[in-house]
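Coordinate analysis (summary)
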Amino acid sequence: MAVPSGTRFGPYEILGPLGAGGMGEVYRARDTRLNRVVAFKIIAPGLADQPSRRQRFEREARAISSLSHPNICALYDVGEQDDAAFLVMEYLEGETLAARLLRGALPRDQVLRRASEIASALDHAHRQGVVHRDLKPSNVMITGSGAKLLDFGLAKLRHPSSTLVSETLSIPAAATAEGTILGTIQYMATEQLEGKEADARTDVFACGALVYEMATGRKAFAGSSQASVIAAI
């Protein structure tokens, strides 16, 4: 669903598109009350007919709202209008880690800085009972103030008193055949690939894969097919 510039969702005025993903579309918008630019993430009309997407959207809102950390994109608001649900988030200027890696490996000092920032953000999330489960270069934004974690759409919530946050993941055969295993294969730990419990250690595995890629300019696990990547992991 393409939302034209000038469209209003309550006090939020759409200014232009920023990008799109499996969850929906993200727009640059203006909060007319506070006169500030925000990132506006929306799921298209018809959401009521796709309960799994609604659940994922609501899970992302709950996950982000429980977190407050300088290396995690902040959530400002959540709402619905005309059967379209939306999140209003901090607007970030910079580039994704995925875009930066297209130019090759990062210098050693930058690898250490970004790795420290990502690890700090994950540590905070885990202490709040949130496991990201989809950590990958496109979900890390590099800004002037440091790295910021994005997209908690696959996050798992558990009471923070739990030592390890876990959930049994089911991966339907049809989803596997279509290459839509929960998460992104190159950064998934073996327990995710096998449909077993995923906890904070799953994010640590993905973080290790990110650090390797930042340091070398190559993916830690590669292959010519989904099956060969899984075998490499």
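Refer to the preceding data block for the structure.
The model shown is predicted, which means the values in this text are computed figures rather than measured ones.

Note on placement: Ile42 falls in strand 4 (residues 36–42). Here Ile42 falls in the buried class, since its relative accessible area comes to 3%. The spacing of Ile42 and Glu25 is 17 residues in sequence and 5.5 Å in space, taken between C-alpha atoms.

It is worth spelling out the pairing of strand 6 (residues 84–90) at this point. Within strand 6, seven of the seven residues are buried, which leaves it mostly tucked inside the rest of the structure. In this structure, strand 4 lies alongside strand 6, joined through five bridges in antiparallel fashion. In the strand pairing of strand 6, Lys41 is matched with Leu87. In terms of strand pairing, strand 5 (residues 75–81) meets strand 6 through six bridges, oriented antiparallel. In the sheet register, Gln81 faces strand 6, and the bridge partner there is Ala84.

Scanning the entire structure with this criterion turns up 12 salt bridges. Across the pair Glu90 and Lys148 runs a salt bridge whose closest N-O atoms are separated by 3.1 Å. You can see Glu90 sitting in strand 6 and its partner Lys148 sitting in strand 10 (residues 146–149), a full 58 residues away along the chain. For the pair formed by Glu90 and Lys148, the shared burial category is buried.

Calculation criteria
- Residues numbered from 1 in each chain as written.
- Predicted model: local features only at pLDDT ≥ 70, side-chain atom pairs only at ≥ 80, totals over all residues.
- Heavy atoms only, no water.
- Helix = DSSP H or I, 4+ residues; strand = E, 2+ residues; numbered from the N terminus.
- Buried < 20%, exposed > 50% of the residue type's maximum accessible area, 1.4 Å probe, protein only.
- Pairing = 2+ DSSP bridges.
- Salt bridge = Lys/Arg side-chain N within 4 Å of Asp/Glu carboxyl O.

Any functional reading would require information beyond the geometric quantities listed.
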